[in-house]
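What the coordinates show
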Amino acid sequence: MFVPVFAQDNASLLFSGNCETCHRVGKSISAPSINLIKKRYKEAFLNKKEFIKYMSEWVYKPNIEGSIMLEQVKKYELMPHLHYDKKTLEDIASYIYDTEF
Ligand code: HEC
């Protein structure tokens with residue numbers, strides 16, 4: 001039987017394996033904390049769909065022009081490009097939106 005909860009577990013693993021090394025929970029060390037990113041993206045985008053779309057596209061191809069956190073780019077330099085496909089990045093963005101970090 002298909003267990004829908006798996007998708008969430010998978011996204012959680014994807015996040016902790018691919019993002020959390022830089023985007024820590026509760027503290028900004030080598031990059032802005034995930035809490036700060038989530039807060040800023042929630043302020044900037046009206047709903048979950050827009051949040052996911054913008055975040056997954058930006059992470060797919062990090063760029064200064066599209067950054068909504070320019071002061072963080074100045075502080076840490078632009079986020080490196082990480083070779084993930086769009087679908088994976090959409091799953092991760094959805095997980096970030098839904099999770100209380
Ligand atoms: C090697 C470290 C590193 C990893 C790994 C990393 N990031 Fe980042 N990320 C950064 C840094 C540094 C910034 C701040 C500068 C910037 O905005 O480009 C950033 C900024 C961001 C932003 C803000 C973009 C903006 O508007 O400027 C988002 C969203 C983001 N990261 C999502 C992710 C997600 C999702 C993952 C995992 C798939 C991830 N990051 C993995 C270093 C990293």
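These remarks concern the structure in this document.

The rules behind these values
- Residues numbered from 1 in each chain as written.
- Predicted model: local features only at pLDDT ≥ 70, side-chain atom pairs only at ≥ 80, totals over all residues.
- Heavy atoms only, no water.
- Phe/Tyr/Trp six-rings, centres within 6.5 Å; stacked < 30°, edge-to-face > 60°.
- Lys NZ or Arg CZ within 6 Å of the ring centre and 35° of its normal.
- 1 Å grid on protein atoms, 1.4 Å probe; cavity = no way out; pocket = protein on both sides within 12 Å on 5 of 7 lines; lining within 4 Å.
- Points joined across faces, edges and corners; volume = space filled by probe spheres on them.
- Helix = DSSP H or I, 4+ residues; strand = E, 2+ residues; numbered from the N terminus.
- Nonpolar A, V, L, I, M, F, W, Y, C, P; charged D, E, K, R; others polar.
- Donors = N, O, S within 2.8 Å, 3.2 Å for Na, K, Ca; no water.
- Tetrahedral: all angles 85-135°; square planar, octahedral: opposite > 155°, others 65-115°.
- Buried < 20%, exposed > 50% of the residue type's maximum accessible area, 1.4 Å probe, protein only.
- Near = heavy atom within 4 Å.
- Polar contact = N/O pair within 3.5 Å; in protein donor to acceptor, adjacent residues only side chain to side chain.
- Sits in = over half its atoms within 2 Å of the grid points.
- Patch = residues over 30% accessible without salt bridge, like charges linked within 9 Å, V, L, I, M, F, W, Y side chains within 5 Å.
- Areas by Shrake-Rupley, 256 points an atom, 1.4 Å probe, with all protein chains shown as cover.
- Salt bridge = Lys/Arg side-chain N within 4 Å of Asp/Glu carboxyl O.

1. As for the packing of aromatic side chains
Applying the stated criterion to the full structure yields 8 aromatic pairs. Judged by centre distance (6.0 Å) and plane angle (80 degrees), the rings of Y95 and F101 are edge-to-face. One aromatic cluster in this structure is built from Y41, F45, F51, Y54 and Y97. Over the ring of Y97 we find K42; its NZ or CZ atom is 4.2 Å from the centre of that ring. The side chain of K86 reaches across the aromatic face of Y60, ending 4.4 Å from its centre.

2. So, the layout of surface pockets
Approximately 580 Å³ is the volume found for the largest pocket. Together, 31 residues line the largest pocket, and H23, I37, W58, V59 and M79 are the ones closest to its centre. Sorting the residues of the lining of the largest pocket by element identifies α2 (34-44), α3 (48-60), α4 (70-76) and α5 (86-98) as the ones contributing at least two each. Grouping the amino acids of the lining of the largest pocket by side-chain chemistry returns 23 nonpolar, 7 polar and 1 charged.

3. Describing the coordination of the iron atom of the ligand
Surrounding the iron atom of the ligand are the protein donor atoms H23 (NE2) and M79 (SD), which sit 2.0 to 2.1 Å from the metal. Taken together, the 6 donor atoms coordinating the iron atom of the ligand span angles of 88 to 179 degrees at the metal, a pattern that classifies the geometry as octahedral. With a gap of 56 residues between them, H23 in the loop between α1 (5-18) and α2 and M79 in the loop between α4 and α5 connect regions that are remote in the sequence. The class of M79 is partly exposed, set by a relative accessible area of 21%.

4. Focus on the site of the ligand
The environment of the ligand is formed by 25 residues, the closest being C19, C22, H23, S67 and M79. Within the side chain of Y41, a nitrogen or oxygen atom sits 3.1 Å from an oxygen atom of the ligand. Here the ligand occupies the largest pocket. Mapped by element, the contributors of at least two residues to the shell around the ligand are α2, α3, α4 and α5.

5. Section: a nonpolar patch on the surface
A grouping of I64, L70 and L78 is seen on the molecular surface, where their side chains present a nonpolar patch of about 230 Å² in accessible area. Tracing the backbone shows I64 in the loop between α3 and α4.

6. Some details on unusual backbone geometry
Of all residues except glycine, most have a negative phi; of all peptide bonds, most are trans. The phi dihedral of E77 falls on the positive side, at around 80 degrees, and the residue is not glycine. In this structure, E77 sits in the loop between α4 and α5.

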